[in-house]
Amino acid sequence: MDLLWVLYSMLTVCMAINMEATGSHSMFTCEPITLRMCQGLAYNTTFMPNLLNHYDQQTAALAMEPFHPMVNLECSTEIRPFLCALYAPVCTEYGRVTLPCRRLCQRAKSDCYKLMDMFGVTWPDEMECSRFPDCDESYPRTIDLLPSSDGTEESPSSVQRDYGFWCPRELKIEPDLGYSFMGVRDCSPPCPNMYFHEDELIFARYFIGVVSIVCLSATLFTFLTFLIDVGRFRYPERPIIFYAVCYMMVSLVFFLGFLLEDRVSCNAASPGRFRASTVTQGSHNKACTLLFMTLYFFTMAGSVWWVILTITWFLAAVPKWGSEAIEKKALLFHAVAWGIPGALTITLMAMNKIEGDSMSGVCFVGLYYLMALRWFLLVPLALDVVVGVVLLLAGIAALNRVRMEIPLEKENQDKLVKFMIRIGVFSVLYLVPLLTVIGCYLYEQSHRSVWETTWVGERCREYHIPCPFKVEQTSRPDIALFLIKYLMMLVVGIPSVFWVGSKKTCFEWASFFNGHRRKDSAVHESRQVLQEPDFTQLLLRDPNTPVVRKSRGTSTQGTSTHASSTHLAMLDEPPSASTSRAGSMRSKSSSFHGSLHRSRDGRYTACSYRGVEERTPRLDDPLQHCSVNRLNSHSRHGSLQRLESQSRHSSVRDLTITAQAIQSSPGNGIHRVVGEDATMA
């Protein structure tokens, strides 16, 4: 018997659905009732969505299916008017939504309760009688069938309402995946991109692919240059290498997205289930999740490494930290640079806010969900810019103060100015693309709602969903905005090539391709810490041979006593260029600096070598005696006559003045810049 009732109910449902009306509505005016159960009542027009949020009569008919046995068995005379009042309400003028009375609901429920229990049908929560007004009238009430009392000429059938966004059947997703679109759960945006035409998307995909190849090549060159000579890039410039590695990975992900097209960023269509191709969301797609993790993690890590780079510049320029002192904090730098992006990535995965980008073929965040765009992209990038710019300006101001207050030779002044310009240009090349990306994100999040409303208005009739009500502004995004955003996201890694580009880089690559590594240690010695020169060779050198000095610095308890802001300017050039410039570096300050001897108590005394500025040594003078001892122990082939001939060109008085000038500022290494064997390309 129960089986017969089930078959009868299914047949009734099929008859109740008018297949000609499956096109549904698009303007949401009063429409004829096509539900067989609700035909023959005191009214013959209804509106959709109904009071139970069914946006067309076909959906309402499917939802009424469990109640067909009760209606056919006529368990109550009130059940049919009550159900039709909810699933196909009477269409009245705008602003008069009529609800059935509470007494009508209670009688229908009490009369059919036992039969519903027999068929296993439960009374829905949205049909709870307490939700309806406390009255006792039949449905529809007499006032509902009367014409408008205000005498307006507007017909009830032409009035629209604002029903918000309804997810089309083609874009619905299984509930367990956690998708959402425009605030509607179990819904996903269409794929390909809902804002642009196919030809625009093809051009954008190839544009992103070409730019990603260029940026990948540039950042890979920086990383390989570092591998050829690892000791060349020490702190404070070492973060540039990690910065380049991060954007190398970002470029690699975009290049993979170009190759994959939309196979990962979009779900395949299912025509048999009336499902269109939709954007991938969440972490159920492993390939999309992997692309998101790599892209977002290294994007955030690259911005953090730039902040750390400004921190190291600040430490070298303001508190005068040396390379080793900064390097002692490397573990902390790595923990921050990799830890913060990792925490943000895990948080987004836990929130299930991964979204596919059909334009670039990758998966990212903030493409459709505005809160994720604001808190996981705009806020971190803005903080990086503010902190980095403040530290950068403080470091440049400190270097400029050194240049203005401490007297330097003209050549060293020019080198310091060039180094400041180099830092400034590098920072501008990073900040301009990053600020452009932030500007694109701000513009996008402020216009996203208008773009979505415009899209709904253009596609509502095709999808048979409510059209927007009283649209005041319509706008479509410009493809150039998105192209600029992708371009700046990629080119932000190219400034690393600007930093490593020098004559020494060309020399190292030439040596590498020739099959041998340069073993000349002259360049590396300039970066060693507190290594005293070979005084014997300097004493026995030819008088016409120029004195070549190298800058060295060290740190004590986290700060440097010999390294300063000019240590930042240690740039590189081939040894041949260093030798050609060595003749211009025979200054008294460098000669005296080379003559310092470290005693057991850690202090430096001028007792070992005085170069070309010594007169004939006297054995009764301790300083002269120290010099003679070293001369006797290391150079048996020399003579005191040669030493005299070399010392005629200087005076003890000039040496004393130079020594006092150097001792007056022991923590400042500006004077050591004249001993550098490097210059900017």
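Residues numbered from 1 in each chain as written. Predicted model: local features only at pLDDT ≥ 70, side-chain atom pairs only at ≥ 80, totals over all residues. Heavy atoms only, no water.

A.B. asks: Could you give me a rundown of the overall build of the protein chain, with the residues and numbers involved?
C.D. replies: The helix and strand inventory of the protein chain stands at 22 helices and 12 strands. Taken across its 681 residues, the protein chain has 50% of its residues classed as buried. Taking all contacts inside the protein chain whose residues are at least 6 apart in sequence as the whole, residues at least 24 apart take part in 76%. Carbon and sulfur atoms make up 59% of the accessible area of the protein chain, which totals about 32500 Å². (Helix = DSSP H or I, 4+ residues; strand = E, 2+ residues; numbered from the N terminus. Buried < 20%, exposed > 50% of the residue type's maximum accessible area, 1.4 Å probe, protein only. Contact = heavy atoms within 4.5 Å. Areas by Shrake-Rupley, 256 points an atom, 1.4 Å probe, with all protein chains shown as cover.)

A.B. asks: An account of the nonpolar core is requested, with residue identities and associated values reported.
C.D. replies: Within the largest apolar cluster, 106 residues are counted, with the highest numbers of intra-cluster contacts made by Phe-254, Tyr-296, Met-359, Phe-364 and Tyr-441. Residue contacts for Met-359: discarding those within four places in its chain leaves Phe-196, Leu-201, Ala-204, Arg-205, Ile-208, Ile-479, Phe-482 and Tyr-486. If you look at the next biggest cluster of nonpolar residues, it comprises 34 residues, including Ile-33, Met-37, Ala-60 and Ala-61. (Core = buried A, V, L, I, M, F, W, Y, C linked by side-chain atoms within 4.5 Å.)

A.B. asks: Explain helix H11 (residues 370–405) to me, using residue names and the numbers behind them.
C.D. replies: Taking 1.5 Å of rise per residue, the 36 residues of H11 would be expected to cover 52 Å, and the 51 Å separating its terminal C-alpha atoms lies within 8% of that figure. The largest bend along H11 measures about 30 degrees and falls at Leu-378, with the proline Pro-380 one to four residues further on. (Expected span 1.5 Å × (residues − 1). Bend = angle between axes of the 7 residues up to and from the residue.)

A.B. asks: If you had to explain helix H15 (residues 503–513) to someone new, which residues and values would you point to?
C.D. replies: Restricting attention to buried positions, one finds in H15 the residues Lys-504, Thr-505, Glu-508, Trp-509 and Ser-511. Down the axis of H15, the buried side of the element spans an arc of 160 degrees, and every buried residue falls inside it. Turned more than 90 degrees away from the buried face of H15, the exposed residues are Cys-506 and Phe-513. Once H15 ends, the next one or two residues include Gly-515, with phi positive near 95 degrees. (Arc of directions from axis to C-beta.)

A.B. asks: If you had to explain the UniProt feature "transmembrane region" (unreviewed entry) in the protein chain to someone new, which residues and values would you point to?
C.D. replies: The UniProt record marks residues 206–228, 240–260, 295–318, 330–351, 375–399, 419–444 and 479–500 with the feature "transmembrane region" (unreviewed entry), using the residue numbering of this structure. Taken end to end, residues 240–260 is 100% helix and 0% strand, and its first and last C-alpha atoms sit 30 Å apart. Note that residues 419–444 is 100% helix and 0% strand, and that its end C-alpha atoms are spaced 38 Å apart. (UniProt positions renumbered as here; feature names shortened; annotations may be inferred.)

A.B. asks: Residue-level account of the packing of helix H7 (residues 239–260) against helix H8 (residues 286–317), with values.
C.D. replies: To characterise two packed helices, one gives the angle between the axes of the helices and the distance between these axes. Taken N-terminus to C-terminus, the directions of H7 and H8 make an angle of 160 degrees; their axes are 8 Å apart at the nearest point. It follows that H7 is roughly antiparallel to H8 by the angle criterion. In the crossing of H7 with H8, the sense of the turn from one axis to the other is left-handed. Counted by class, the contact of H7 with H8 contains 19 nonpolar, five polar and no charged residues. (Axes fitted to C-alpha atoms, helices over the stretch in contact; angles between N-to-C directions. Parallel < 35°, antiparallel > 145°, perpendicular 65-115°, else oblique. Left-handed = near helix turned anticlockwise from the far one by under 90°. Nonpolar A, V, L, I, M, F, W, Y, C, P; charged D, E, K, R; others polar.)

A.B. asks: Go over the state of the cysteines, please, and point to the residues and values.
C.D. replies: A covalent bond between the sulfur atoms of two cysteines is what we call a disulfide. Counted under the stated rule, the structure contains eight disulfides. Across the disulfide, Cys-101 is cross-linked to Cys-135 (sulfur-sulfur distance 1.9 Å). Disulfide Cys-101-Cys-135: the torsion about the S-S bond is -100 degrees, which places it as left-handed. Placement of Cys-101 in the loop between helix H4 (79–87) and helix H5 (102–118) and of Cys-135 in the loop between H5 and strand E3 (180–181) is noted, with a sequence separation of 34 residues between them. For the residue pair Cys-101 and Cys-135, the accessibility class agrees, reading buried in each case. Shown here is the disulfide that connects Cys-167 with Cys-187, its sulfur atoms set 2.1 Å apart. With the S-S bond torsion at 85 degrees, the cross-link from Cys-167 to Cys-187 turns out right-handed. Taken together, the residues span a long stretch of sequence, with Cys-167 in the loop between H5 and E3 and Cys-187 in the loop between strand E4 (184–185) and helix H6 (198–228) at a distance of 20 residues. The exposure class assigned to Cys-167 is buried, which follows from its relative accessible area of 4%. When its relative accessible area of 0% is taken as the criterion, Cys-187 is described as buried. (Disulfide = S-S within 2.5 Å.)

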